[in-house]
Amino acid sequence: MLRFSFLCGLVTALALCLAPTALAAKRTVPQNFYGAIFDGFAATASVFAQENHFALMARSGVESARVTFPWTALEPRRNAFNFDRTDRTVEAAAKHRVDVLPVILYTPYWARVNKRNGYSPPKHNAYFDALMKKLIQRYGPQGSFWKAHPELPKRPIRNWQIWNEPNNDIERYWDAPRGSKYAWPGGYASLLRSAHKTIKKYDPKARTVLAGITGTAWLELRRLYKFKVRGSFDVAALQVYPETVSREVESIKRMRESLVRAKDPRVRIWVTEVAFPAAKGRVPSIFQQRQQTDAGMAARLNELYARLGRGRRSLNLDRVYWFTWASRYGKNKSAFDFSGLLASTDGETAKVRPALDSYRRSAQRAQGCVKTVFGLCQTGSATPSPPPG
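Residues numbered from 1 in each chain as written. Predicted model: local features only at pLDDT ≥ 70, side-chain atom pairs only at ≥ 80, totals over all residues. Heavy atoms only, no water.

A. The overall build of the protein chain, seen in detail. A tally of regular secondary structure across the protein chain gives 12 helices and 12 strands. Looking at the protein chain as a whole, 58% of its 389 residues are labelled buried. For the protein chain, the accessible area works out to roughly 16300 Å², and carbon and sulfur atoms hold 52% of it. (Helix = DSSP H or I, 4+ residues; strand = E, 2+ residues; numbered from the N terminus. Buried < 20%, exposed > 50% of the residue type's maximum accessible area, 1.4 Å probe, protein only. Areas by Shrake-Rupley, 256 points an atom, 1.4 Å probe, with all protein chains shown as cover.)

Shown next as structure tokens:
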């Protein structure tokens, strides 16, 4: 059990539980190819615990963390902004040189179409645009956060993911009346177009990341293109949870084909969630998902990154985020409680799972070096530049 109290204790624990591995001759994947979701108890843990989580992430080869930026907490009342939660995470990530990919989600009560559900889309796009403006002014290249913290490595946020799984069934992430102007895909397309204009206005070099599309993502993407979204995002994202690695590869191929069909071939692809949970024998099986043992999850993770790393150029694939960094491994009904690289029920203490060592070894081979807790290549190991995306 790792107790996230002092950094020195964490480093000692790492030395004991993470053995060295052989290195590749050079880096073979772009910077940030190895990502992980930072959510749940970990994302709301104490400042010290979060810093130690990010230290372990950096040491393990995680170069980008996908983090929920909850609009409900950021702007609980209109024009009354509170950045305490996101400041803590951005600070911890910057200290350890981990890139942050925010996913903007959860509409506050005052801005919702559907008052009873935080997964409701906003009633007016202008509400969301005002939030994006504030976020870029705080965390972008000229952001007030970086000016207030000159002691930190400056790592401005240049990628913004607009929502999560809006194509999921009603009341799941996009709760809008069917047939209304707010419903998927037209309602989301309207939000995306407006948000993209705002992002480019306040940071022309920033990238708009499409919400992670789940299920038959490639078909949903075709539906979305019917609502004039071409040119309104720079990165297409999918979140398919297949039975096998081969099916994940096939899903990305079909996503790529849909982009070509829409005459948008230059759009890059990111997998913003994927996992093969170690839920076998722990929870009931999920339709169309093969559950794994702990050893099976570690093996599938290794296979996933190896195959996607080799095929990334033909797929236009730049990043892959494992879901998730830490999960409960408790007596719950969700298979995804068993997908974490760490087991943690409070974010303050954690236990390394077998898949973390698999992740670290895979990252070291692809990145060409052993990382320190500050995300740098260790002295004496290779320090290659990432290949072009």
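We are not done yet, so read on.
B. Structural view of the pattern of salt bridges. Taken as a whole and assessed by the stated rule, the structure comprises 20 salt bridges. When the shortest N-O distance is used, the salt bridge between Arg66 and Glu273 registers 3.0 Å. Placement of Arg66 in strand β3 (residues 64–70) and of Glu273 in strand β8 (residues 268–274) is noted, with a sequence separation of 207 residues between them. Considered together, Arg66 and Glu273 belong to a single accessibility category, that of buried residues. Between Arg223 and Glu220 there is a salt bridge; the shortest N-O distance is 3.1 Å. With Arg223 and Glu220 both in helix α9 (residues 217–225), this residue pair falls three residues apart, about one helical turn. Looking at Glu220, the relative accessible area reads 14%, which means it is buried. (Salt bridge = Lys/Arg side-chain N within 4 Å of Asp/Glu carboxyl O.)

C. Structural detail: the packing of helix α10 (residues 245–261) against helix α11 (residues 294–315). α11 packs onto α10 with a crossing angle of 25 degrees between their chain directions and a minimal axis gap of 10 Å. Taken together, the axis directions place α10 and α11 in an arrangement best described as roughly parallel. In terms of crossing hand, the pair formed by α10 and α11 is right-handed. Residues Val245, Ser246, Glu248, Val249, Ile252, Lys253 and Arg256 of α10 form the contact with α11, whose own contacting residues are Arg300, Glu303, Leu304, Arg307, Leu308, Ser314 and Leu315. (Axes fitted to C-alpha atoms, helices over the stretch in contact; angles between N-to-C directions. Parallel < 35°, antiparallel > 145°, perpendicular 65-115°, else oblique. Left-handed = near helix turned anticlockwise from the far one by under 90°. Contact = heavy atoms within 4.5 Å.)

D. Main features of the packing of aromatic side chains. For the coordinates displayed, the defined rule picks out 24 aromatic pairs. For the ring pair Tyr241 and Phe336, a centre distance of 5.0 Å and an interplane angle of 65 degrees mean the geometry is edge-to-face. With Tyr241 in the loop between β7 (235–238) and α10 and Phe336 in the loop between β10 (326–327) and β11 (342–343), this residue pair connects regions lying 95 residues apart in the sequence. Relative to Tyr359, the ring of Tyr305 has its centre 5.5 Å away and its plane inclined at 75 degrees; by these criteria the two rings are edge-to-face. Taken as a pair, Tyr305 in helix α11 and Tyr359 in helix α12 (residues 354–367) lie far apart in primary sequence, 54 residues in all. The class for Tyr305 is buried, based on a relative accessible area of 2%. Pairwise contacts between aromatic rings join Trp71, Trp110, Tyr127, Phe128, Trp163, Trp174, Trp184 and Tyr188 into one cluster. For the cation-ring pair, Arg319 lies above Trp270, with the distance from its terminal atom to the ring centre recorded as 4.1 Å. (Phe/Tyr/Trp six-rings, centres within 6.5 Å; stacked < 30°, edge-to-face > 60°. Lys NZ or Arg CZ within 6 Å of the ring centre and 35° of its normal.)

E. Inspection of the state of the cysteines at higher detail. Summed over all chains, the structure comprises one disulfide. Note that Cys369 is cross-linked by a disulfide to Cys377, the S-S spacing being 2.1 Å. Taking the torsion about the S-S bond as the criterion, the Cys369 to Cys377 disulfide, at about -65 degrees, is left-handed. Classification of Cys377 by relative accessible area gives partly exposed; the value is 25%. (Disulfide = S-S within 2.5 Å.)

F. Structural context of the side chain of Ser327. Structurally, Ser327 is set in strand β10. In terms of polar contacts, Ser327 uses its side chain to reach the backbone carbonyl oxygen of Asp337, at 2.9 Å. A polar contact is formed between the side chain of Ser327 and the backbone nitrogen of Gly340, at a distance of 2.9 Å. Beyond its immediate sequence surroundings of up to four residues, Ser327 is in contact with Phe336, Asp337, Phe338, Ser339, Gly340, Leu342, Ala343 and Ser344. (Polar contact = N/O pair within 3.5 Å; in protein donor to acceptor, adjacent residues only side chain to side chain.)

G. Representation of the packing of α11 against α12 in the model. The contact between α11 and α12 brings their axes to 8 Å, and the two run at 20 degrees. Between α11 and α12, the angle is such that the two are roughly parallel. Crossing of α11 over α12 shows right-handed handedness. Where α11 approaches α12, its residues Asp294, Met297, Ala298, Leu301, Asn302 and Tyr305 are matched on the opposing element by Pro354, Ala355, Ser358, Tyr359, Ser362 and Arg365. Tallied by class, residues from the contact of α11 with α12 come to seven nonpolar, three polar and two charged. (Nonpolar A, V, L, I, M, F, W, Y, C, P; charged D, E, K, R; others polar.)

Take it as geometry only, folks, not as evidence of what the structure does.
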